[in-house]
2 protein chains.
Amino acid sequence: MQTKKKTPEFYMRAALAQARKAAALDETPIGCVIVKDGQIIARGYNRRNTDGSTLAHAELTAIRKACKRTGDWRLEGCTMYVTLEPCQMCAGALVQARMDAVVIGARNPKAGCAGSVLNLLQNPDFNHQVAITDGVLEEECRLLLQQFFRGLRERHKQMRSQTDQR
Amino acid sequence: MQTKKKTPEFYMRAALAQARKAAALDETPIGCVIVKDGQIIARGYNRRNTDGSTLAHAELTAIRKACKRTGDWRLEGCTMYVTLEPCQMCAGALVQARMDAVVIGARNPKAGCAGSVLNLLQNPDFNHQVAITDGVLEEECRLLLQQFFRGLRERHKQMRSQTDQR
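Residues numbered from 1 in each chain as written. Chains lettered and ligands numbered in written order. Predicted model: local features only at pLDDT ≥ 70, side-chain atom pairs only at ≥ 80, totals over all residues. Heavy atoms only, no water.

Student: A description of helix H1 (residues 8-24) of chain B should follow, citing residues and the corresponding values.
Tutor: Residues and elements named next belong to chain B. Between its first and last C-alpha, H1 extends 25 Å over 17 residues, near the 24 Å set by a 1.5 Å rise per residue. Within the sequence span of H1, burial applies to Tyr11, Met12, Ala14, Ala15, Leu16, Gln18, Ala19 and Ala22. Phi for Asp26, located one or two positions after H1, is positive at around 65 degrees. (Helix = DSSP H or I, 4+ residues; strand = E, 2+ residues; numbered from the N terminus. Expected span 1.5 Å × (residues − 1). Buried < 20%, exposed > 50% of the residue type's maximum accessible area, 1.4 Å probe, protein only.)

Below, the structure is given as structure tokens:
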């Protein structure tokens, strides 16, 4: 029996499922998965406030798990699917892990380091470059973030108006 | 009784002690400490091969521990003392942690991201910049690395000559 080849959208949907776990914890909804030979070998979602750790970004969590699973700090042959363009720390980790490729949902014009602010993934001065694909389920990834920030603003507004009424 | 103010060399010596722990494990000897209000609150040394993890760099280990100790992903008011200029991942983590400053022993011309290849710590497009001091116990930090790599080359040479004799 031949296994049906999965589409990039299939893996990005798995990353979106991770991002929703972050949203459920009131964390900025960012999620990712790492894929090797067609299989998801690690998952991660943002838990920065919940864990109180700088390192609790979705991408670093998934890289840590993938290393544990493969027993190697080199994640050659792996691709990361992530709902938002990685920051400078996570883009740096992708290069350090020698990951083959990253597939991005939404761009992050203010802080993204896969081409928006900087392109850390394809700097010819480093000893490794990571291939980039973007725009996979872009609208779904962007809407999830927009809904989260809208909800946050509304709650802040409500809190302010309750304070004013006292 | 007044506590005597510690010098940058004092903290760099503590970072060097961490680097020697890495050397004892046959890991590239890099170590660091994080200091807040004059106290060392976290230590780290390179364990990348030992742990088989991309994230097992000295700096990320110390940041993880400092977050655990303070309960906060923001390491404001903290300074890192590190024996070698940080890579792109660790420099990115210093910005993400909103660390005040980093004090560097030796520069890393091939991969350093605190000014050698790139300066990720002081990019005006990011929402935080990290102050940089370098050259503290530079020779001691550099010599430790040079000794390690010389030892590595000699062992490779011996292994090759043993193979040739067979």
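Having seen it, we continue.
Student: Account for the interface of chain B and chain A, naming residues and giving values.
Tutor: Taken together, the contact pairs 31 residues of chain B with 31 residues of chain A. Buried surface at the junction of chain B and chain A, both sides included, amounts to about 2500 Å², of which 64% is carbon and sulfur. Scanning the region where chain B abuts chain A turns up zero salt bridges. Each residue belonging to the side of chain B that touches chain A can be placed in one class, and the counts come to 15 nonpolar, ten polar and six charged. (Contact = heavy atoms within 4.5 Å. Buried area = accessible area lost by both parts, 1.4 Å probe. Salt bridge = Lys/Arg side-chain N within 4 Å of Asp/Glu carboxyl O. Nonpolar A, V, L, I, M, F, W, Y, C, P; charged D, E, K, R; others polar.)

Student: An account of the environment of Ala101 of chain B is requested, with residue identities and associated values reported.
Tutor: Residue and element names in this part refer to chain B. Position of Ala101 relative to the elements: it lies in strand S4 (residues 101-106). The buried category is assigned to Ala101, whose relative accessible area is 16%. Residues within four places of Ala101 in sequence aside, it is in contact with Cys78, Thr79, Met80, Val130 and Ala131.

Student: I'd love a proper account of the sheet that holds strand S2 (residues 39-45) of chain A, names of residues and values included.
Tutor: All names here are of chain A. Pairing within the open sheet is mixed, and its five strands lie in the order S2-S1-S3-S4-S5. The outermost strands of the open sheet, each flanked by one partner alone, are S2 and strand S5 (131-134). Neighbouring strand axes in the sheet, compared pairwise and without regard to direction, differ in orientation by 20 degrees on average. Relative to S5, strand S4 (residues 101-106) runs parallel, the two sharing four bridges. Its bridge partner being in S5, Val103 is matched across the sheet by Thr133. Its contacts with the sheet put helix H5 (residues 138-165) on strand S3 (78-84) and S4, and the angle it makes with S4 is roughly 60 degrees. (Pairing = 2+ DSSP bridges. Axes fitted to C-alpha atoms, helices over the stretch in contact; angles between N-to-C directions.)

Student: So, the relation of the copies chain B and chain A: which residues are in play, and what are the values?
Tutor: When chain B is fitted onto chain A, the two copies agree to an RMSD of 0.0 Å after a turn of 180 degrees and an axial shift of 0.0 Å. A rotation of that kind, with that shift, is consistent with a two-fold axis. Considering only C-alpha atoms, the residue of chain B closest to the rotation axis is Met89 of chain B, which sits at 2.4 Å. Looking at the interface residues of chain B, 100% of them are also at the interface in chain A, so both copies use one shared face. (Least-squares fit on C-alpha atoms with pLDDT ≥ 70 in both.)

Student: Describe the nonpolar core, and please don't skip the residues or the numbers.
Tutor: Ranked by internal contacts, the top residues of the largest apolar core, which has 104 residues, are Ile34 and Ile63 of chain A together with Ile34 and Ile63 of chain B. When residues no more than four places from it in sequence are discounted, the contact partners of Ile34 of chain A are Gln39, Ile40, Ile41, Ala42, Ala62, Ile63, Ala66, Leu75, Cys78, Thr79, Met80 and Met99 of chain A. (Core = buried A, V, L, I, M, F, W, Y, C linked by side-chain atoms within 4.5 Å.)

Student: Can you break down the packing of aromatic side chains residue by residue, with the values?
Tutor: Taken as a whole, this structure holds six aromatic pairs over all chains when the rule is applied. Ring geometry for Phe10 of chain A against Tyr11 of chain A: centres 5.3 Å apart, planes inclined by 85 degrees, an arrangement best described as edge-to-face. Among the aromatic residues, ring-to-ring pairing joins Phe10, Tyr11 and Tyr81 of chain A into one connected group. One Lys or Arg, Arg48 of chain A, reaches over the ring of Trp73 of chain B and ends 3.6 Å from the middle of that ring. (Phe/Tyr/Trp six-rings, centres within 6.5 Å; stacked < 30°, edge-to-face > 60°. Lys NZ or Arg CZ within 6 Å of the ring centre and 35° of its normal.)

The analysis is restricted to geometry; functional conclusions fall outside its scope.
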